[in-house]
Amino acid sequence: MIQVLLFAELQEKTGKAKIKLKAGHMTVTELKDVLIDKYGIKQLDKVMVAINEDYAEDEDRIQPGDTVAFLPPVSGG
Amino acid sequence: MENHLFEIVEEPIQIEKVIAKVVRREAGAITTFIGTVREWTKGRRTLYLKYEAYVSMAEKMLRQVGEEVCGKWPDVKIAITHRIGELQISDTAVVVAVSAPHRKEAYAANEYAMERIKQIVPIWKKEHWEDGEMWIGNQSETVSYAEGKPIIKGDKH
């Protein structure tokens, strides 16, 4: 099981803040493809990904039990 | 580093309390940056803003900003509080307080911290206008990422 967190416009577009995916090991890119296929998200190029609250790259691997957050470009301050 | 130096809060920020966290006998200067909600941006009138955060990671990234600052300016002490939720015009959204023996480092460290907050801390702003609303971040009115991604690794000198 992988827990996916969506924020800001991603959360609004999909209507979901959290998604639980039955999935094993995969890369960030593979997970992005799953989200694009299943949840009507058009593109995730500019979206940052964090695995267990650490920023990750596309080729990083996700393990079952991980929390993976999709973070649109930030605008704090 | 003390955790309470870096906070995401939902209630109004008490600026004096953030400043008090960095007061110490070694300091000869304290710089305070106060980020407030602006009414007009590029000719468009904002009615109010809504900030959202990935709170646990945002506090962790604020701590990282603090570590970067202390790496570059070892004599400073820094505290950052960012507010989330619905904010009205002129409300305080963020306070960065830095104390240092001398003012130059206090100014420089404060500016650096604010730049990094805008790059790596997972907080999002939604502007509500008279005629619509939009999440800010991938828009030209804020920081644009040349490579499409923020620089995650700060430079620690």
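That block above? That's the structure.
Rules and cut-offs
Once a new chain begins, its residue numbering starts again from 1 and follows that chain's sequence as written. Labels are handed out in written order, letters beginning with A for the chains and numbers beginning with 1 for the ligands. Two thresholds apply to this predicted model, a pLDDT of at least 70 for residue-level local features and 80 or more for giving and counting side-chain atom pairs, whereas whole-chain, interface and lining totals are computed over all residues. Side-chain measures were taken over the full set of non-hydrogen atoms in the model, leaving aside hydrogen atoms and water. Here, strands pair whenever DSSP counts at least two bridges between them. Runs of E in the DSSP output that reach at least two residues are strands. Runs of H or I that reach at least four are helices, and both are numbered from the N terminus. Between the N-to-C directions of two axes lies an angle of 0 to 180 degrees, each axis being a line fitted to C-alpha atoms and, for a helix, fitted only over the stretch in contact. Whether two residues are in contact is decided by their heavy atoms, any of which lying within 4.5 Å being enough. Buried area: the accessible area, evaluated with a 1.4 Å probe, that two parts lose upon being put together, summed over both parts. Counted as salt bridges are all cases of a side-chain nitrogen of Lys or Arg within 4 Å of a carboxyl oxygen of Asp or Glu. Whenever two N or O atoms come within 3.5 Å, that pair is a polar contact, provided that in protein one can donate a hydrogen and the other can accept it, and provided that, for residues adjacent in sequence, both atoms are side-chain atoms.

Caption draft 1: How the structure looks around the sheet that holds strand S7 (residues 67-71) of chain A. Residues and elements named next belong to chain A. If you walk across this open sheet you meet the 5 strands as S2-S1-S7-S4-S5, and the pairing is mixed. The open sheet terminates on both sides in strands that have one partner only, identified here as strand S2 (18-21) and strand S5 (54-56). Pairwise comparison of adjacent strand axes, ignoring direction, gives a mean angle of 30° for this sheet. Note that strand S1 (residues 2-6) and S7 share 4 bridges and pair parallel. Bridge assignment links Leu-6 to a residue of S7, and that residue is Phe-70.

Caption draft 2: Fine view of the interface of chain A and chain B. Taken residue by residue, the interface counts 23 residues in chain A and 31 residues in chain B. Buried area between chain A and chain B, summed over both chains or domains, comes out near 2400 Å², and the portion from carbon and sulfur atoms is 57%. Inspection of the region where chain A meets chain B yields 2 salt bridges. Here Asp54(A) and Lys60(B) are joined by a salt bridge, their closest N and O atoms 2.8 Å apart. Our enumeration of links across chain A and chain B arrives at 15 residue pairs in polar contact (both at pLDDT 80 or more). Elements with a minimum of two residues in the side of chain A that touches chain B: helix H1 (8-14), strand S4 (48-51), S5 and S7 of chain A. Take the side of chain A that touches chain B: its biggest share by element is 4 residues, from H1(A).

Caption draft 3: View of the sheet that holds strand S7 (residues 92-100) of chain B. Residue and element names in this part refer to chain B. Reading across from one edge, S1-S5-S7-S2 is the order of the 4 strands in this open sheet, with mixed pairing throughout. The open sheet has two free edges, formed respectively by strand S1 (6-9) and strand S2 (29-36), since each of these has just one partner strand. Ignoring which end each strand starts from, the neighbouring axes of this sheet average 10° apart. Bridging between S2 and S7 involves 8 bridges; their strand directions are antiparallel. Within S7, the residue paired with Phe-33 across the bridge is Val-96. Along the sheet face, helix H2 (residues 55-72) touches S1 and strand S5 (77-83) and points at about 150° away from the line of S1. The sheet contacts of helix H3 (residues 103-120) involve S2, S5 and S7, and relative to S7 the element is tilted by about 145°.

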